[in-house]
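Here are the chains, one letter per residue:
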Amino acid sequence: MTAPRLILGLESSCDDTAAAVLRVGQGGTEILSSIVLGQTDLHVAFGGVVPEIAARAHAEKLDHCVEQALDTAHIPLAAIDAIAVTAGPGLIGGVVSGVMCAKGLSAATGKPLYGVNHLAGHALTPRLTDAVPYPYLMLLVSGGHCQFLMVHGPDKFQRLGGTIDDAPGEAFDKIARLIGLSQPGGPAIEQAALAGDPRRFAFPRPLLDRAGCDMSFSGLKTAVLRTRDAVVADKGGLTETDQCDLAAGFQAAVVDVLAEKSRRALARYPDEARRTFCVAGGVAANQAIRAALQRIAEEGGAGFVAPPLELCTDNAAMIAYAAAEQMVIRPPDGFSLSARPRWPLDQSQPGMLGSGKKGAKA
Ligand code: KG4
Ligand code: ZN
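Worth saying up front: this structure is predicted, and the values here are computed from it rather than measured. (Residues numbered from 1 in each chain as written. Chains lettered and ligands numbered in written order. Predicted model: local features only at pLDDT ≥ 70, side-chain atom pairs only at ≥ 80, totals over all residues. Heavy atoms only, no water.)

Colleague: Which residues make up the overall build of the protein, and what values do they have?
Modeller: Counting its secondary structure elements, the protein contains eleven helices and ten strands. In terms of overall dimensions, the protein is globule-like: its C-alpha atoms have a radius of gyration of 20 Å, near the 21 Å expected for 362 residues. Dimensions along the principal axes, computed over C-alpha positions, put the protein at roughly 65 × 50 × 35 Å. By residue count, 55% of the 362 residues in the protein fall in the buried class. On the protein, roughly 14500 Å² of surface is accessible, and the fraction owed to carbon and sulfur atoms is 53%. In the protein, which carries 33 positive and 37 negative side-chain charges, the distance between the mean positions of the two groups comes to 4 Å. (Helix = DSSP H or I, 4+ residues; strand = E, 2+ residues; numbered from the N terminus. Rg over C-alpha atoms; globule rule 2.2 N^0.38 Å. Buried < 20%, exposed > 50% of the residue type's maximum accessible area, 1.4 Å probe, protein only. Areas by Shrake-Rupley, 256 points an atom, 1.4 Å probe, with all protein chains shown as cover. Lys, Arg positive; Asp, Glu negative; His and termini not counted. Charge placed at Lys NZ, Arg CZ, Asp CG, Glu CD.)

What follows is the structure, given as structure tokens:
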């Protein structure tokens, strides 16, 4: 890769303010720093991410976050060779904050500016962590999106299917609220499910009866809500055992749906000597989901790559890395770069109905 050596990445498309410094060279890629400043405490009282609060927090924290990333990497700003920033899709106020900050840094240093698709950052992470060769199958599963992609190149993504309504992370967050667990819901449900009985409540596995790789999670959410209401009506509240059993039953349904749809997506992977199934996005941090997907890959004769947890959830190292790959094939964006609330990775696909917790992203 004949890319500049040091790339500063910025990410602010949802509720994490992130900055990272990446060294890209002949010998490989090294993350020199990756700082993520979360905002969970700012949104907790509202039961979800409030776009205006998120945008203001990004605007307040970005400078500090960049400073921390440079300090941790022991790299002065003047030594940076290029600046990469998430330019969409996401909550527009946050994306604008990041793009404006990156433009300022680019103007001050004279270094080239690259706008990166947030989903491309997630989808290219297996190349950052494991140098997975193209093409590979990717399940991108997070709070705002859920899709199967054949990744053919840094800007070449073929969408095989995805959720027609909610994203799984959104469902994890909502179910956690419904049954009285903390936010973010994914880790809380995963923890509670460890002590629960996944067979006590029979939850649906939506769309398994329909061919293809599309998925649906909103009916599952409603089923959990009804069951919770029935238990509360019966007993006057939820015991800890009820919470754990609801969490375990819900998680088991998500695992089954993702596993079966992954099996089908893998079957559409062209028959090549080396096939790799990769997963990325916040929900890919879930150990039960990772284990099920690994089993599907093994059964399908494919390799399996799941990035470390801190690179599954939102971060700026993935944005810097996506820019590193893209700068080899395209010129920088310059100051005309605009922030995009929607930005599908596979431009040939018709627009999808439905949305994630942060609005339809892709
Ligand atoms: O990729 P990400 O950090 O942000 C988006 O781009 O959406 O994903 C955040 C989502 C949240 O919905 C969170 O509940 C979920 O990922 N998540 C998990 C786990 N850790 C985070 N879901 C299930 N199990 C987990 N361990
Ligand atoms: Zn994300």
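Colleague: How would you explain the coordination of the zinc ion (ligand 2) if you had to name every residue and give the values?
Modeller: Every protein donor of the zinc ion (ligand 2) is listed here as H118 (NE2), H122 (NE2) and D314 (OD), and their distances to the metal cover 2.1 to 2.2 Å. Considering all four donor atoms around the zinc ion (ligand 2), angles at the metal cover 92 to 153° and the coordination shape is irregular. Read in sequence order, the donor residues coordinating the zinc ion (ligand 2) give the pattern H-x3-H-x191-D. Remark: H122 and H118 occur in helix α4 (residues 118–130); sequence separation between them is four residues, near one turn of the helix. The exposure classification of H118 matches that of H122, with both residues buried. (Donors = N, O, S within 2.8 Å, 3.2 Å for Na, K, Ca; no water. Tetrahedral: all angles 85-135°; square planar, octahedral: opposite > 155°, others 65-115°.)

Colleague: Give me the lowdown on the nonpolar core, citing residues and values where you can.
Modeller: Counting 87 residues, the largest nonpolar core has M138, F217, F250 and L258 as the members making the most contacts within it. Considering every element that reaches this core, the biggest residue donor is helix α8 (residues 240–267), with 13 residues. Lining this core are residues from two domains, each supplying at least three of them: domain 1 (5–130 + 314–349) and domain 2 (136–309). Setting aside its immediate chain neighbours within four residues, L258 contacts L139, V141, C146, F148, M215, F217, I289 and L293. Formed by 27 residues, the second largest nonpolar core is a distinct cluster that contains L10, L37, V99 and A102. (Core = buried A, V, L, I, M, F, W, Y, C linked by side-chain atoms within 4.5 Å. Domains from an automatic or database assignment. Contact = heavy atoms within 4.5 Å.)

Colleague: Could you give an account of the pattern of salt bridges, with specific residues and numbers?
Modeller: For the structure shown, the criterion picks out 14 salt bridges. Put simply, E299 and R295 hold a salt bridge, and the shortest N to O gap is 3.5 Å. Of this pair, E299 and R295 both sit in helix α9 (residues 287–299), four residues apart, roughly one helical turn. Through salt bridges with shared partners, a single network forms among R200, K235, D242 and D245. (Salt bridge = Lys/Arg side-chain N within 4 Å of Asp/Glu carboxyl O.)

Colleague: Describe the sheet that holds strand β9 (residues 276–280), and please don't skip the residues or the numbers.
Modeller: Taken together, the five strands give an open sheet; going across it, the order is β8-β7-β6-β9-β10, and neighbouring strands pair in mixed fashion. Only two strands of the sheet have a single neighbouring strand rather than two, namely β8 (156–162) and β10 (303–305). Each adjacent strand pair in this sheet contributes to an overall mean axis angle of 25°, direction not counted. Summarising the sheet, strand β7 (residues 146–153) and β8 pair through six bridges and their orientation is antiparallel. (Pairing = 2+ DSSP bridges. Axes fitted to C-alpha atoms, helices over the stretch in contact; angles between N-to-C directions.)

Colleague: Break down the pairing of strand β3 (residues 28–38) for me, citing the residues and quoting the values.
Modeller: Sheet analysis places strand β2 (residues 16–25) next to β3, joined by ten bridges and oriented antiparallel. Pairing of V24 across the sheet is with T29, part of β3. Hairpin connection of β2 to β3: two residues between the antiparallel strands.

Colleague: Tell me about the packing of α4 against helix α11 (residues 317–326), and name the residues and values.
Modeller: For the pair α4 and α11, the least separation of the axes is 8 Å and the interaxial angle reads 80°. With respect to their mutual orientation, α4 and α11 come out roughly perpendicular. Contacts between α4 and α11 involve H118, A120, G121, H122, L124, T125, R127 and L128 on the former and, on the latter, A317, M318, I319, Y321, A322, E325 and Q326. (Parallel < 35°, antiparallel > 145°, perpendicular 65-115°, else oblique.)

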